[in-house]
Amino acid sequence: QVQLVESGGGLVQAGGSLRLSCAASGRSLGSYTIAWFRQAPGKERECVAAITWSGGRTYYADSVKGRFTISRDNAENTVNLRMNSLKSEDTAVYYCAAKRDGSGWPGNIGFYNDWGQGTQVTVSS
C-alpha cells in the first residue's frame, strides 16, 4: 500500500495557476505510476495526468494538454501537478492515486488501488 496525501488546492481566478502536490509514503515508488484524477460535481472521476516513477513518462488528458504539467520529485517522494491557464471547467476535487506499472492505458481508473483524500480546486470567473 502507498499512502498519499494531496495538498495545494484552493480558490483561483480563471487564467491563473495552481500547483498541487501529492506526498507518497509506505513503499518505494520505483515501479509505480502516480496519477492525478479529478471529479467535478455530477461527473465521473477522470484521469487528467499520470507519470511513471521510473523513467518519468507522462500522460495527459486532452482537456489539459498544454496547460497542466505533471512531475515527480525524487528527493521528497512527491508528485506535483502544475496547472496553468485554469478554466472554470477545471473546478473539481483532485485526487492522486497510485498503481503498479503495467500495460494498458494509465488513465484507467480501475488500475489504481491507493488514493488520497482529495483536494478541492475551485476556479472562479
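Caption draft 1: Here's a closer look at the environment of Q13. With respect to the helices, strands and loops of the structure, Q13 is situated in strand β2 (residues 10-13). Sequence-wise, Q13 and G56 are 43 residues apart; in three dimensions their C-alpha atoms are separated by 30 Å. Sequence-distant contacts of Q13, that is, excluding residues within four places in its chain, are made with V123 and S124.

Caption draft 2: Structural context of the pairing of strand β11 (residues 119-124). On β11, burial follows the alternation: T119, V121 and V123 on one face are buried, whereas Q120, T122 and S124 on the facing-out side are not. Bridge analysis of β2 against β11 gives four bridges, and the strand direction is parallel. By the bridge assignment, Q13 is partnered in β11 with S124. Where strand β9 (residues 92-100) meets β11, three bridges bridge the pair, whose relative direction is antiparallel. Note that in β11 the partner of V93 across the bridge is Q120.

Caption draft 3: Looking closely at the state of the cysteines. What the rule picks out here adds up to one disulfide. Here C22 pairs with C96 through a disulfide, and the sulfurs are 2.1 Å apart. Of note, the bridge from C22 to C96 carries an S-S torsion of about 70 degrees and is right-handed in sense. Here C96 lies in strand β9 and C22 lies in strand β3 (residues 18-25), a separation of 74 residues in the sequence. Overall, the relative accessible area of 1% leaves C22 in the buried class. Here C47 stays free of any disulfide, with the sulfur of C96 as its closest cysteine sulfur at 12 Å.

Caption draft 4: Local environment of the nonpolar core. Counting residues in hydrophobic clusters, the biggest one holds 30 residues, and the most contacted among them are L20, W36, V79, L81, M83 and Y94. At the level of secondary structure, the elements contributing two or more residues to this core comprise β3, β4 (32-39), β5 (46-52), β7 (68-73), β8 (78-83), β9 and β11. In contact with V79, other than residues within four places in its own chain, are L20, S21, C22, I34, W36, I51, W53, I70, S71 and R72. If you look at the next biggest cluster of nonpolar residues, it comprises six residues, including A35, C47, A50 and Y112.

Scoring rules and cut-offs
- Residues numbered from 1 in each chain as written.
- Predicted model: local features only at pLDDT ≥ 70, side-chain atom pairs only at ≥ 80, totals over all residues.
- Heavy atoms only, no water.
- Helix = DSSP H or I, 4+ residues; strand = E, 2+ residues; numbered from the N terminus.
- Contact = heavy atoms within 4.5 Å.
- Buried < 20%, exposed > 50% of the residue type's maximum accessible area, 1.4 Å probe, protein only.
- Pairing = 2+ DSSP bridges.
- Disulfide = S-S within 2.5 Å.
- Core = buried A, V, L, I, M, F, W, Y, C linked by side-chain atoms within 4.5 Å.

What is shown is where atoms sit, not what they do.
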